[in-house]
Amino acid sequence: MAVAGVTAYDVLVIGAGFAGLSAAARCATRGARVLVLEARSRLGGRATAFPDRETGELVDNGQHVLLGCYTETLAFLRDIGAIDHVSAQPQLSVTMIDRHGRRSRLTCPTSLPSPLHLLAGVFEWDALSWRDRWSVLGMVTPIKLARRERLPGAQRKAASSGETVESWLIRNGQTARIREMLWDPLALAALNQPPDRAAAPAFARVLGEMFGSDPRAAAIVLPTKPLHLMYAEPARRYVERHGGTVRMSAAAKLRVDSDSRITVTANGEHWSAKRVISAVPWFALPDLFDAVPAPLTDLVHRARTMESCPIVTVNLWFNRRIIDEPFIGLPGRVMQWVFDKRLVFGLLRAEGASASLAEARPDRPRAAAGDEASHVSLVSSGAERIVSRPNDELIQLAHQELYEAMPEIRSATVVRTTVVREPRATFSLAPGQPARPATETGVPGFFLAGDWIDTGLPATIESAVRSGHRAADLCIG
Ligand SMILES: Cc1cc2nc3c(=O)[nH]c(=O)nc-3n(C[C@H](O)[C@H](O)[C@H](O)COP(=O)(O)OP(=O)(O)OC[C@H]3O[C@@H](n4cnc5c(N)ncnc54)[C@H](O)[C@@H]3O)c2cc1C
């Protein structure tokens, strides 16, 4: 077998999602020459965008929401020069329309320290009765415990791995109404699994980070560009400026010899590499190997048995604007959030940047219904029950829920619809799932990155970036 590029690259990274690209960028920053191999013909993995067949608009594979506590993701965006591609709220502030069509707004004031700002927000929130508002006090101790859990020597756990999010919330005195209006939407968005299925520790960890010392940690941060333009293309350029290479349509295979020498193959080329970072998801790991090396048998078995959870997004284009803010929560419904994509991208302007909406979307030459049109994305997380329904049914469901929440929009005309299914959007957090792997493997020089690595966080962008940075740090030393 001819082995090329033996000395050309210091590190090989397999997979160009958030994990692989953040690992590659960090290695490049530290002076390593990096080769990134990506199987698909576009970058970004599970956080990407594609051109809509009819309108030419770049459509995300699903709305992605970041939080102020995504510290490593924001540092990564800063490093690659893409921090302007997100827009952050000053504090957590969300409009909700409940199952009866009642609109309300939860706003946590930044003037108060965390988690007092959450308590103040909830006490001001007129969607809840006084009994529901008081119940939030039951979460103060669990959130404090979750904050402390990350410190060395922490003894008490905020939640036990055998209990679900729902039972944990009930055990801490949360009423049905505050669960439906506040905790369940947060848990579904963060964990992508219904609260009666997902284990509580990962949610406790999210709350510990959201309601940590900085009140801005809970603020919502939205991409202001289609996803692959937001981070993946800037990361590619960054790696290339630092002497690295990013190859697409390059599905990698890995061979580990008995002396632990690693050979990577893609498109008939071979590289013998001292340091390799696999940043592929759990479901793709087994296919990396024709013959699974003995030290990795258990890891591959665990990856194979990890279950996945779907997300469904229904995109509707209306002939006019139907909502007047970038996003609205629809708690208690199958479609839990609605985002106005043009307002989301328009945040770029609202934040005072000079780019216009058209500049932010240079790729929408044939928008479905002219400049007055709106493109809304309805998101269903934890979508096991609906993911295999036909498109027509999903579109009808999205319409129906939108009309029930906002009867005033019935006069708007739908001009185009699409459905995006991501059956393996995230891994399952249900109790009893296989343990998540560490960054280091039994093979010297072979490291793992990806949202599914044991970061303590659920399958999120922040988990992916933390794992990528960790792998790069161990790899480069
Ligand atoms: C619809 C949807 C909505 C989401 N919403 C949110 C959200 O709001 N907030 C949030 O934080 N997270 C969200 N997530 C989760 C988030 O997208 C993921 O956690 C994150 O993108 C995972 O990144 P990753 O790099 O670990 O994996 P991936 O993005 O899956 O990247 C892995 C890459 O490896 C490549 N690959 C696989 N096998 C090979 C091979 N043999 N050779 C070369 N390349 C290979 C794949 O093609 C892929 O590009 C959402 C996910 C989806 C699908």
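Residues numbered from 1 in each chain as written. Predicted model: local features only at pLDDT ≥ 70, side-chain atom pairs only at ≥ 80, totals over all residues.

> Please explain helix α7 (residues 176-191) as it appears in this structure.
A turn of α-helix holds 3.6 residues, and therefore any two residues three or four places apart point the same way. With 16 residues, α7 extends only 19 Å from end C-alpha to end C-alpha; this falls clearly short of the ideal 22 Å at 1.5 Å per step. Bending of α7 peaks at approximately 45° at the position of tryptophan 183, with proline proline 185 no more than four residues after it. α7 sits mainly inside the fold: 13 of its 16 residues count as buried. (Helix = DSSP H or I, 4+ residues; strand = E, 2+ residues; numbered from the N terminus. Expected span 1.5 Å × (residues − 1). Bend = angle between axes of the 7 residues up to and from the residue. Buried ≥ 20, exposed ≤ 12 C-beta atoms within 10 Å, placed from the backbone.)

> I would appreciate a short explanation of the sheet that holds strand β14 (residues 276-278) in the present structure.
Across a sheet, paired strands are connected by hydrogen bonds in the backbone, their directions being either parallel or antiparallel. One open sheet holds the five strands; their spatial order is β10-β2-β1-β14-β20, and the pairing between them is parallel. Taken across any chain shown, the strands that pair with only one partner, and hence form the sheet edges, are β10 (245-247) and β20 (446-448). Pairwise comparison of adjacent strand axes, ignoring direction, gives a mean angle of 15° for this sheet. Of the strand pairs in this sheet, strand β1 (residues 11-14) and strand β2 (residues 34-37) are connected by four bridges, and their pairing is parallel. Across the sheet, the residue bridging to leucine 12 is leucine 35, located in β2. (Pairing = 2+ DSSP bridges. Axes fitted to C-alpha atoms, helices over the stretch in contact; angles between N-to-C directions.)

> I would appreciate a short explanation of the site of the ligand in the present structure.
The environment of the ligand is made up of 36 residues, and the closest members are Gly15, Gly17, Gly45, Gly62 and Thr460. Elements supplying a minimum of two residues to the shell around the ligand: α1 (18-29), β19 (414-427) and α14 (461-476). Class assignment for the residues of the shell around the ligand results in 20 nonpolar, 10 polar and six charged. Inspection of the shell around the ligand shows a minimum of three residues originating in each of domain 1 (11-49 + 226-306 + 434-476) and domain 3 (308-427). (Near = placed C-beta within 6 Å. Nonpolar A, V, L, I, M, F, W, Y, C, P; charged D, E, K, R; others polar. Domains from an automatic or database assignment.)

That is the geometry; function is a separate question.
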